[in-house]
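Structural characterization, general
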Amino acid sequence: EAGVAQSPRYKIIEKRQSVAFWCNPISGHATLYWYQQILGQGPKLLIQFQNNGVVDDSQLPKDRFSAERLKGVDSTLKIQPAKLEDSAVYLCASSRLPGPTNEKLFFGSGTQLSVL
Amino acid sequence: GENVGLHLPTLSVQEGDNSIINCAYSNSASDYFIWYKQESGKGPQFIIDIRSNMDKRQGQRVTVLLNKTVKHLSLQIAATQPGDSAVYFCAENTVSGGYNKLIFGAGTRLAVHP
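How each quantity is defined
- Residues numbered from 1 in each chain as written.
- Chains lettered and ligands numbered in written order.
- Predicted model: local features only at pLDDT ≥ 70, side-chain atom pairs only at ≥ 80, totals over all residues.
- Heavy atoms only, no water.
- Pairing = 2+ DSSP bridges.
- Helix = DSSP H or I, 4+ residues; strand = E, 2+ residues; numbered from the N terminus.
- Axes fitted to C-alpha atoms, helices over the stretch in contact; angles between N-to-C directions.
- 1 Å grid on protein atoms, 1.4 Å probe; cavity = no way out; pocket = protein on both sides within 12 Å on 5 of 7 lines; lining within 4 Å.
- Points joined across faces, edges and corners; volume = space filled by probe spheres on them.
- Nonpolar A, V, L, I, M, F, W, Y, C, P; charged D, E, K, R; others polar.
- Contact = heavy atoms within 4.5 Å.

**Considering the sheet that holds strand 1 (residues 5-7) of chain A**
Residues and elements named next belong to chain A. As summarised here, the arrangement of the 4 strands in space is 1-3-8-7, forming an open sheet in which the pairing is antiparallel. Edge positions in the sheet fall to strand 1 and strand 7 (65-68), since each of these pairs with one other strand and no more. Across this sheet, the average inter-strand angle for adjacent strands is 15 degrees, counted without regard to direction. By the bridge criterion, 4 bridges tie strand 7 to strand 8 (residues 75-79) in an arrangement that is antiparallel. If you follow Phe 65 over to strand 8, its bridge partner there is Ile 79.

As structure tokens, then:
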């Protein structure tokens, strides 16, 4: 089966600019996650969707970050305006079943964002 | 070792040796645990999982041990190969607001020397 697709692979912007990332989860997966991974650290959950509804966005800096998952398939994550500390890899993941259930997540390769 | 900024704890082993990577988790209510492997420039890749009603699970060349008393998880890799070089993360699953939430540890870098 095809994996989680993300684009772009790399993005370099200046602070205060806007940026958007796109994710296409594995076909049929109900739950989609966006994680932020700062260099040298483990991934940190930003937002979790079940189908097209948000179930957890407690760690999302809502003053500058937004995300949507229209039609319960693809998702976009936006940062506006970007700050230097937003430099990180943004990982998208999906899992097959809706919660609550224990199962593994499948990750995309991520988008590496550099804010100058 | 404790992860501080850019400096991941590193485990260096010789090819063919066994490796043991340790992880302390935080929530005694966590009921599911996963080990992920992350190679440079890639997303985390699932290795093995274990539910809290078990204390050991074996896969191909890998074994996960769970000690709930001290909230400790370990990953054992037998006959370590150069292709095992990567950063390894443990992740614990908790239920928050009725939904599963996977929380990752800081990671350990495994360096395999020929």
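**Focus on the layout of surface pockets**
Here the idea is plain: a probe the size of a water molecule rolls over the atoms and shows the empty space left. Roughly 580 Å³ of volume is contained in the largest pocket. Contributing to the lining of the largest pocket are 25 residues, with A:Gln37, A:Leu39, A:Gly40, A:Val89 and B:Gly41 lying nearest its centre. Classifying every residue of the lining of the largest pocket by side-chain character gives 11 nonpolar, 10 polar and 4 charged.

**What to know about the environment of B:Phe89**
Looking at the element boundaries, B:Phe89 is found in strand 8 (residues 86-96). Apart from the residues within four sequence positions on either side, B:Phe89 is in contact with A:Gln37, A:Gln41, A:Gly42, A:Pro43, B:Ile34, B:Trp35, B:Tyr36, B:Gln38, B:Phe104, B:Gly105, B:Ala106 and B:Gly107.

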